[in-house]
Amino acid sequence: MAEEKVSRRDFLLYAMGAWAAVGVGGVLYGMYKTWEPLPEVKAQATVTFDISTVQPGEVKVVNWRGKPVFVLKRTSDMVQCKDRSVEDVYTVVIGICTHLGCIPNWEADKKIWHCPCHGGEYDACGRNIFGPPPRPLDVPPFKLEGNNIVLGEEGPEYKKMKEKGLTV
Amino acid sequence: MKFMDWLDERLAVRQVIKVMLTEYYVPKNINFLWSFGVLIMLVFAILVVSGIFLLMYYKPDSHLAFDSVNKTIMMDVEYGWLFRHTHAVGASIMFLVLYIHMARGIYYGSFKAPREIVWITGYILFILMSATAFTGYLLPWGQMSYWAAQTITTLFEKIPFIGPDLVVWIRGNYIVEDATLTRFFALHVVFLPLLLIVFTAIHLYAVRIVGSNNEDGVELTKEEKKHGKGIPFWPVFMSKEFFVMSVFLIFFFYLVFYQYKFAMDPINFTPANYLQTPTHIYPEWYFLAFYEVLRGFFFSQNLGLIAFVLSMFIAAFLPWLDTSPIRSGKHRPIYKILFWIFIADFVFLTILGKLPPTGLYAWLGFAGSLVYFAFFLALPILSKIEKKKVAGGR
């Protein structure tokens, strides 16, 4: 019997252990999957918006994944930034202050976004120009389809911006 | 007594009572700080009972939750306000008694061998209680509820690689939403309390094995405690404990009836709005110290986050940080000083946590955070010094 390295009893034990591990793994996977966003939530992952409806100097707010996205068509008297723009004239940024997550307000007379919480300021390109914000407003992933902008998908223009590190 | 005999034959109840109560001895040289363990059990019972009654009218749905709490329970249900205030004040006071219980353990070295398991299970209980408080805080679905959950879940975003996906997974949505509310509800009402009960059982079992520590930190055998140096847990210890409980309950219900507002943030009486952040977001008082450590490293978000996680868990490792042969702080002059600096620092951080993190406050928060960690890092050094001293004295 000494040649028998794994006895019948051991084999049954290992087999049962392995089978139980598969069962536990399956249950944990099932539990993990129940916490995934529901289909109706995932359906809101992308939002399509017609940017040609934005008038010069106007800020429209698009709701994307529960976050406000500011779309501003800049006029010539505002600061310009080609590399951070969509089609050179649109500023498309997530309207959440990069300091502590408050929502900045557009001040049309000064042509800046001003955060009511701690006084952070962003220029018309969404770049932080004053106060505690550590970085500019984030640019959401976008893809251009004619006049439409699809938020939540990474198009070539967005990828270019991302490579340059301008989106965050 | 016939019924007891009948029960004893089937469940050996007399033996259980002996082991758990009448022949479980507590040292005589303890002070009133040793009454806080039972007080925690009392507050836990109050929270369970008041929680069950809130559960009868609460609706875990993002459209219904706010009104079910602030209208149905507060205005329509007879005495509903009483149960809500009891639950809210109970949660707050739970942390007060927990902190005193833990500070007692730290001062008198109750975490040291052979009580490591008592300390670790106790620490797990503290973490579980924090999770219970955090998940429960979302349920009224007010502005502070909402933004506390939003902010804390956002912290997970910083975990390398999986962070952003993990946050969405935890929330069940891109923002805190209905899915988050219902899962926090399930955790708060079933899963976490169940774990709390399991770990409380292990905690108490472990204490029954190694016995309570005492003021002098001198180990007493069961025989010594039986013959003069101790008292039986039941009825002698508990008869004293009942007095402490009575005084505590006067204080507790004074808070419930007259001072409940400290546990009810006015901002939370505005319904949750995901498009409007309150000007200042801050946690309840019992998390302020840890929150201040998070903000204390104001120059680096990542460093702040690491410090925050570390500050929550570092005390769990006390038995291995402090290896001094002297157990009780009563007989450790340097440790005594360090301990009181640590307590003062904890209070200091708690106060700072409520103030805006700007200018001088930011630097004070940074300094306070460093002192917090300095206490734990000083312990291995102090242990070495004291080891030498003890060896030299012999």
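Here, every reference points to the structure presented above.
Values in this document were obtained by computation on a predicted structure and should not be read as measured data.

> Looking at this model, I keep getting lost on the overall build of chain A. Mind explaining?
Broken down by element type, chain A carries three helices and 10 strands. The helix and strand sequence of chain A, counted from the amino end, reads α-α-β-β-β-β-β-β-β-β-β-β-α. What you see for chain A is a C-alpha radius of gyration of 26 Å, clearly larger than the 15 Å of a compact globule of 168 residues, by over 25%. Across its three principal directions, the C-alpha atoms of chain A cover 95 × 35 × 30 Å. Across the 168 residues in chain A, those meeting the buried criterion constitute 24%.

> Explain the nonpolar core to me, please; I cannot follow it from the model alone.
Generally speaking, a soluble globular protein has its nonpolar side chains buried in company with each other. Counting 60 residues, the largest nonpolar core has Val 43, Met 94, Val 97 and Val 293 of chain B as its most contacted members. Among the elements that make up this core, the one with the highest residue count is helix 5 (residues 80–107) of chain B (nine residues). Ignoring sequence-local partners within four residues, the contact set of Val 43 of chain B consists of Gly 90, Ile 93, Met 94 and Val 97 of chain B. In this structure, Val 69, Trp 113, Ile 149 and Leu 151 of chain A belong to the second largest nonpolar core, which totals 20 residues.

> I tried to follow the environment of Val 371 of chain B on my own but got confused; where do I start?
All names here are of chain B. If you trace the backbone, Val 371 turns up in helix 16 (residues 359–393). Exposure remark for Val 371: the 16 C-beta atoms within 10 Å place this residue in the partly exposed category. Between the C-alpha atoms of Val 371 and Phe 346, which are 25 residues apart in sequence, the distance is 9.2 Å. Setting aside residues up to four positions removed in sequence, Val 371 forms contacts with Ile 341 and Asp 345.

> How should I be thinking about the sheet that holds strand 2 (residues 59–64) of chain A in this particular structure?
Hydrogen bonding along the main chain pairs the strands of a sheet, whether they run parallel or antiparallel. All names here are of chain A. Spatial strand order, 2-3-4: three strands in an open sheet with antiparallel pairing. If you trace the sheet from one side to the other, it starts and ends with strand 2 and strand 4 (90–94), each paired once. Geometrically, the sheet is characterised by an average inter-axis angle of 20° between neighbouring strands, direction not taken into account. Taken together, the five bridges between strand 3 (residues 67–73) and strand 4 define a ladder with antiparallel strand orientation. Its bridge partner lying in strand 4, Phe 70 is registered against Val 93.

> Honestly, the sheet that holds strand 1 (residues 47–50) of chain A in this entry has me stumped. Any pointers?
Residues and elements named next belong to chain A. Strand order in this open sheet of three strands is 1-10-9, and the pairing throughout is antiparallel. Edge positions in the open sheet fall to strand 1 and strand 9 (142–145), since each of these has one partner strand only. Mean inter-strand twist for the sheet, computed between neighbouring axes without regard to direction, equals 25°.

Definitions and cut-offs
- Residues numbered from 1 in each chain as written.
- Chains lettered and ligands numbered in written order.
- Predicted model: local features only at pLDDT ≥ 70, side-chain atom pairs only at ≥ 80, totals over all residues.
- Helix = DSSP H or I, 4+ residues; strand = E, 2+ residues; numbered from the N terminus.
- Rg over C-alpha atoms; globule rule 2.2 N^0.38 Å.
- Buried ≥ 20, exposed ≤ 12 C-beta atoms within 10 Å, placed from the backbone.
- Core = buried A, V, L, I, M, F, W, Y, C linked by C-beta atoms within 7 Å.
- Contact = placed C-beta atoms within 7 Å.
- Pairing = 2+ DSSP bridges.
- Axes fitted to C-alpha atoms, helices over the stretch in contact; angles between N-to-C directions.

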